[in-house]
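The primary structure of each chain is shown beneath.
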Amino acid sequence: MAKEDFKRNDLPLEGISIVAIEQYGAGPWATMILADLGAEIIKIENPHTKGDIARYVPPHTVDEDSIYFQSFNRNKLGMTLDLTHPRAHEILHPLALKSDAVFNNLRGDLPKKLGLDYSSLKDVNPAIVCCSLSAFGREGFRAHEPGYDYLMQGYTGWMSITGEPDGSPQKSGLPMVDLSGGAMAAIGLLSALMRSKNTGKGCDVDVNLFDNAISHLSFIAAWHLTKGYQPKRFPDSSHPSMIPSQVLPTKDGWLVVMCAKNKFYQNLVSILGVPELASDERFADYEDRLKNRDVLIPILKEMSKKKTTSQWLELLKGSVPCAPVNTVEEAFKDPQTVQDEMVINVEHPDFGSVKQVAGPIKFSDSNKIHVKAPKLGEHTDKILAGKLGFAQSQIDNLRNEKVI
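Right, let's walk through the structure included here. What you see is a predicted model; the values in this text were computed from it and never measured.

**Focus on the overall build of the chain**
Alright, step 1. Helix and strand counts for the chain stand at 17 helices and 11 strands.
Alright, step 2. With the C-alpha coordinates of the chain rotated into their principal frame, the extents come out at 85 × 45 × 40 Å.
Alright, step 3. Burial statistics for the chain: of 404 residues in total, 46% are counted as buried.
Alright, step 4. Sequence-distant contacts, at least 24 apart, represent 67% of the contacts inside the chain between residues at least 6 apart.

**Considerations on the sheet that holds strand 2 (residues 40-45)**
Alright, step 1. Overall, parallel pairing links the six strands, which are arranged 3-2-1-4-5-6 in an open sheet. Strand pairing shows two members of the sheet lacking a second neighbour, strand 3 (77-80) and strand 6 (203-208), which therefore form its edges. Here the strands of the sheet are splayed against their neighbours by 20° on average, with no regard to which way each runs.
Alright, step 2. Here four bridges tie strand 4 (residues 101-104) to strand 5 (residues 129-134), and the two strands are oriented parallel to one another. Note that in strand 5 the partner of A101 across the bridge is V129.
Alright, step 3. The sheet strands contacting helix 1 (residues 26-36) are strand 1 (17-21), strand 2, strand 4 and strand 5, and the helix crosses strand 2 at an angle near 155°.
Alright, step 4. Contacting strand 1, strand 4, strand 5 and strand 6, helix 7 (residues 176-199) crosses the sheet at an angle of about 165° to strand 5.

**Structural notes on the pattern of salt bridges**
Alright, step 1. Per the stated rule, a full pass over the model turns up 20 salt bridges.
Alright, step 2. Close ionic contact of R55 with E45 constitutes a salt bridge, the shortest N to O distance being 2.7 Å. On the criterion of sequence distance, the pair formed by R55 in the loop between strand 2 and helix 2 (67-73) and E45 in strand 2 is long-range, its members being 10 residues apart.
Alright, step 3. For R55, a relative accessible area of 0% corresponds to the buried category.
Alright, step 4. By relative accessible area, E45 is classed as buried at 2%.
Alright, step 5. Of the charged contacts in the structure, one is a salt bridge between D204 and R138, with a shortest N-O distance of 3.4 Å. A residue pair is termed long-range when its members are at least 10 positions apart, and D204 in strand 6 and R138 in the loop between strand 5 and helix 6 (149-155) qualify at 66 residues.
Alright, step 6. Accessibility expressed as a relative area gives 18% for R138, which makes it buried.
Alright, step 7. It is possible to trace a salt-bridge network through shared partners that takes in E22, K43, D52 and K76.

**Some points on the packing of aromatic side chains**
Alright, step 1. A full pass over the atoms with the stated rule returns nine aromatic pairs.
Alright, step 2. Centroid distance Y24 to Y148: 6.0 Å. Interplanar angle 85°. Geometry classified as edge-to-face. With a gap of 124 residues between them, Y24 in the loop between strand 1 and helix 1 and Y148 in the loop between strand 5 and helix 6 connect regions that are remote in the sequence.
Alright, step 3. Measuring from centroid to centroid gives 6.0 Å for W29 and F72, while their planes differ by 70°, and the two rings are edge-to-face. Taken together, the positions of W29 in helix 1 and F72 in helix 2 put the pair 43 residues apart, joining distant regions of the chain.
Alright, step 4. Given a relative accessible area of 9%, F72 falls into the buried group.
Alright, step 5. Members of the aromatic cluster, connected to one another through ring pairs, are Y24, W29, Y68, F72 and Y148.
Alright, step 6. Sitting above the plane of the Y265 ring, R289 keeps its charged end 4.3 Å from the centroid.
Alright, step 7. The ring centre of W312 lies 5.9 Å from the NZ or CZ of K307, which sits over that ring.

**Considerations on the sheet that holds strand 7 (residues 245-249)**
Alright, step 1. Ordered by their spatial adjacency, three strands build an open sheet running 7-8-9, and the pairing between neighbours is antiparallel. Unpaired on one side and paired on the other, strand 7 and strand 9 (322-324) mark the two borders of the sheet. Averaged over all pairs of adjacent strands, the angle between their axes in this sheet comes to 25°, without regard to strand direction.
Alright, step 2. Two elements, strand 7 and strand 8 (residues 254-258), share five bridges in a ladder whose sense is antiparallel.

**Some remarks on unusual backbone geometry**
Alright, step 1. For the peptide bond that leads from P58 to P59, omega is 0°, which places it in the cis range.
Alright, step 2. Mapped onto the fold, P59 is located in the loop between strand 2 and helix 2.
Alright, step 3. I243 connects to P244 through a cis peptide bond whose omega is -5°.
Alright, step 4. Locating P244 in the fold gives a position in the loop between helix 9 (218-227) and strand 7.
Alright, step 5. Positive phi, normally seen in glycine, also occurs at D63, with a value near 45°.
Alright, step 6. As for its position among the elements, D63 is in the loop between strand 2 and helix 2.
Alright, step 7. Even without being glycine, E64 reaches a positive phi, approximately 60°.
Alright, step 8. One can find E64 in the loop between strand 2 and helix 2.

Rules and cut-offs
For every chain, the first residue of its written sequence is number 1, and the numbers climb from 1 along that sequence. Local features in this predicted model are restricted to residues of pLDDT 70 or higher, and side-chain atom pairs are both shown and tallied only at a pLDDT of 80 or more, whereas totals for entire chains, interfaces and linings draw on every residue. Only hydrogens and water are removed before side-chain values are computed, so all heavy atoms of the structure are retained for them. Think of it this way: any DSSP run of H or I at least four residues long counts as a helix, any run of E at least two long counts as a strand, and we number them from the N terminus. The buried label applies to any residue whose accessible area, calculated with a 1.4 Å probe on protein chains only, is under 20% of its type's maximum; exposed applies above 50%, and partly exposed to all values in between. Two residues form a contact once any of their heavy atoms are found within 4.5 Å. At least two bridges found by DSSP between two strands is the condition for calling them paired. Fitted lines through C-alpha atoms serve as axes, helices being fitted only where they are in contact, and the angles separating the N-to-C directions of these axes extend from 0 to 180 degrees. In what follows, salt bridge is the name for a side-chain nitrogen of Lys or Arg lying within 4 Å of a carboxyl oxygen of Asp or Glu. Any two rings among Phe, Tyr and Trp, with Trp reduced to its six-membered ring, count as a pair given centres within 6.5 Å; such a pair is stacked if its planes are under 30 degrees apart, edge-to-face if over 60, and tilted if neither. For a lysine, the NZ atom is tested; for an arginine, the CZ atom; a charge sits over a ring if that atom is within 6 Å of the ring centre and within 35 degrees of the ring normal.

Shown next, in the form of structure tokens:
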């Protein structure tokens, strides 16, 4: 196979090859981060189950593909392999030998059963890094259970502290357990790869969505565990202790303010037209404003309703950290989005030009060249012949035996 078939860009991870057994969101997000940075990602899908379920997530689906799938799988190579087939090792082991890592986001009990862990592959390639991103980990009483972002937001307390106090528990607007879990898995895999390159010894890397979500409780967890703090929901998307840091109503919409310093609070009340609140002892410091938030916030909300969001943004700019509450459409029209080139076009034979969000990591000396996510099994023959050196007769035999 020609080298250009696998070359992404002159990026930091060029030359790194990762085999990915992945599906849906969290796992594909992890490897797409790595693919955007130049790694060769060989995405393995089961041909007998129609591949990654993400191919069929509506809306906007066509012929074993979807825009959802495209948004998680650009810049990857795709091949088919039935890992449950008795002959699967005839392909998996040569791939592991010629790769730096094997990644999966399967149910916790499956990596060992399918031979995707380090103990199964170390004799093939002692330097191989085997990364597993599961719901509950590879060990323990829930290892055999599937899990999704929504469930983790329920399990780990996220929903209990999200939403209005008198409303139902709410999930975050984005699948942040999945997305942050994918980023954590990418960091873990890269960390192990650095050591492997230096020592020649690989290992297992385990990340699970439950632990990831628990870890993101961060300062709230420290307050609770150390001092018994009981987290709760606050109105207007308010910060639990930095008052006022929240949304305020305006004449035509909403405004976000973040008074993370006392001077920002003092600037805010002055610009809102109630400068006397800056010297009011009830609101003098963080603790005072926290204690008297139910008195302070109604006053601020009455004042903020007197002007439009754009008027307040102009008045507060440079004095108080603030932002509009944009719609998604408005967010992509924001000049910062345009300036940072955060929208990319990826050509697709069925969808035309698929507009996607670019990765946030930029390098001074590298250009990003993005290609569409692969069709189911698009590169199977090229990988087997070009990367692994299989003869066409071997490939035909594997296909006839339904291994691929």
